[in-house]
Amino acid sequence: MEKTRYLTFALGKGRLAKKTLELFERIGITCEEMKDKDTRKLIFVNEDQRFRFFLSKGPDVPAYVEYGAADIGIVGEDTILEENRKIHEVLDLGFGRCRMCVCGPKDAAKLLQHHELIRVASKYPHIAKDYFYNKKHQTVEIIKLNGSIELAPIVGLSEVIVDIVETGSTLRENGLEVLEEICPLSARMVVNPVSMKMEHSRITKLITDLKKELVLQGV
Ligand code: PRP
């Protein structure tokens, strides 16, 4: 008899993957291979349940899912908005909660109010562009950076930044503050549109089980 096809998951590396695996364990989906911290393997398999898991950089998860290399992805809403790919967002997993904000020194607030032509540094140029051009109707210059975004206004690269704020401690420790809130964020489950049709019953059961578990957790 032909074996059931693997259902493949792409998980964003780091805290999201850890939280995802904890949640999956509670609904009976396990992957013992992934618990070995010293492993250099890239793909992990649960033969009995016919699941495969791989870890990738968070921003790459939507591409794996759009092209069907993964059926399902777990990724932050920030990445989904930034990447804007053809994937179905099916579930808010409730963890990884944070906010996308415009931040800067206190006195940059007036530059925002007066719609000045300012520089905006961000790891999220599309989100920043959409916010300033389409929502605020403010012309700005966007500078793409890859990390430590808070540095930009401190060293004079930009007047403000668009970045994730979780606890707010990075801002506080660097004399910056939230000037405007763009949107709340959390971890999401995304699905390849073809997989959603071809593997409908397995994926629907997974979503139902996860929803029940999230209700039990009070999410
Ligand atoms: C993220 C984000 C902020 C920080 C916010 O950075 O870009 O810098 O976390 O968290 P907080 O409000 O709890 O201080 P990350 O740690 O992902 O590193 P990065 O600077 O390389 O983007």
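Everything that follows concerns the structure shown earlier in this document.
Structure report, in brief. Everything numeric here is computed off the predicted structure, so don't read it as measured data.

1. Quick word on a nonpolar patch on the surface
On the surface, a cluster of nonpolar side chains totalling about 360 Å² of accessible area is made up of Leu-151, Ile-154, Val-155 and Leu-157. By the secondary structure assignment, Val-155 is in helix H6 (residues 151-155).

2. Here we look at the sheet that holds strand E10 (residues 177-185)
On the basis of which strands lie adjacent, the open sheet formed by five strands has the order E8-E7-E9-E6-E10 and mixed pairing. A strand with exactly one partner marks an edge of an open sheet, and here the two such strands are strand E8 (141-144) and E10. Across the sheet, the axes of successive neighbouring strands diverge by a mean angle of 25°, strand direction being ignored. Bridging between strand E7 (residues 119-122) and E8 involves four bridges; their strand directions are parallel. In the sheet register, Arg-119 faces E8, and the bridge partner there is Glu-141.

3. Structural notes on helix H5 (residues 125-135)
Of all the residues in H5, the buried ones are Pro-125, Ile-127, Ala-128, Tyr-131 and Phe-132. Residue His-137 follows H5 closely and has a positive phi angle near 55°.

4. Points about the sheet that holds strand E4 (residues 72-76)
With mixed pairing, six strands are arranged side by side in an open sheet as E2-E3-E1-E4-E11-E5. Only two strands of the sheet have a single partner each, and these edge strands are strand E2 (43-46) and strand E5 (88-92). When the angles between neighbouring strand axes are averaged without regard to direction, this sheet yields 25°. Pairing geometry for E2 and strand E3 (residues 51-56), over four bridges, is antiparallel. Across the sheet, the residue bridging to Val-45 is Arg-52, located in E3.

5. Side note on unusual backbone geometry
One non-glycine residue, Asn-84, lies in positive phi territory at about 50°. Among the secondary structure elements, Asn-84 is positioned in the loop between helix H3 (77-83) and E5. Exposure remark for Asn-84: the relative accessible area of 66% places this residue in the exposed category.

6. Brief notes about the nonpolar core
Counting 27 residues, the largest nonpolar core has Phe-9, Phe-53, Ile-72, Leu-93, Met-189, Leu-206 and Leu-210 as the members making the most contacts within it. Top contributing element to this core by residue count: helix H9 (residues 200-216), with five residues. Excluding residues that lie within four positions of it along the chain, Phe-53 makes contacts with Phe-9, Leu-11, Phe-24, Ile-29, Thr-30, Cys-31, Met-34, Leu-42, Ile-43 and Phe-44. Residues Met-100, Ile-127, Phe-132 and Val-162 belong to the second largest nonpolar core, which totals 19 residues.

7. Comments concerning the site of the ligand
Neighbouring the ligand are the residues Lys-123, Gly-147, Ser-148, Glu-150, Asp-163, Ile-164, Val-165, Glu-166, Thr-167, Gly-168, Ser-169 and Thr-170. Glu-150 is positioned with one of its side-chain polar atoms (N or O) 2.6 Å from an oxygen atom of the ligand. In this structure, Thr-167 approaches the ligand through a side-chain N or O atom, which is 2.5 Å from an oxygen atom. Coverage of the ligand by the protein chains reaches 65% of its 500 Å² of free accessible surface.

8. Re the packing of aromatic side chains
Here a ring pair, both rings aromatic, is described through the centre-centre distance and the interplanar angle of the planes. Applying the stated rule across the entire model yields seven aromatic pairs. Measuring from ring centre to ring centre gives 5.0 Å for Phe-9 and Phe-53, while their planes differ by 15°; the resulting arrangement is stacked. Residue Phe-9 is located in strand E1 (residues 7-12), and its partner Phe-53 is located in strand E3; the two are separated by 44 residues in the primary sequence. Each member of the aromatic cluster is reached from another via a ring pair, and the members are Phe-9, Phe-24, Phe-51 and Phe-53. Across the ring face of Tyr-6, the terminal group of Arg-50 is positioned such that the distance to the ring centre comes to 4.1 Å.

The rules we used
Residues numbered from 1 in each chain as written. Predicted model: local features only at pLDDT ≥ 70, side-chain atom pairs only at ≥ 80, totals over all residues. Heavy atoms only, no water. Patch = residues over 30% accessible without salt bridge, like charges linked within 9 Å, V, L, I, M, F, W, Y side chains within 5 Å. Areas by Shrake-Rupley, 256 points an atom, 1.4 Å probe, with all protein chains shown as cover. Salt bridge = Lys/Arg side-chain N within 4 Å of Asp/Glu carboxyl O. Helix = DSSP H or I, 4+ residues; strand = E, 2+ residues; numbered from the N terminus. Pairing = 2+ DSSP bridges. Axes fitted to C-alpha atoms, helices over the stretch in contact; angles between N-to-C directions. Buried < 20%, exposed > 50% of the residue type's maximum accessible area, 1.4 Å probe, protein only. Core = buried A, V, L, I, M, F, W, Y, C linked by side-chain atoms within 4.5 Å. Contact = heavy atoms within 4.5 Å. Near = heavy atom within 4 Å. Polar contact = N/O pair within 3.5 Å; in protein donor to acceptor, adjacent residues only side chain to side chain. Phe/Tyr/Trp six-rings, centres within 6.5 Å; stacked < 30°, edge-to-face > 60°. Lys NZ or Arg CZ within 6 Å of the ring centre and 35° of its normal.

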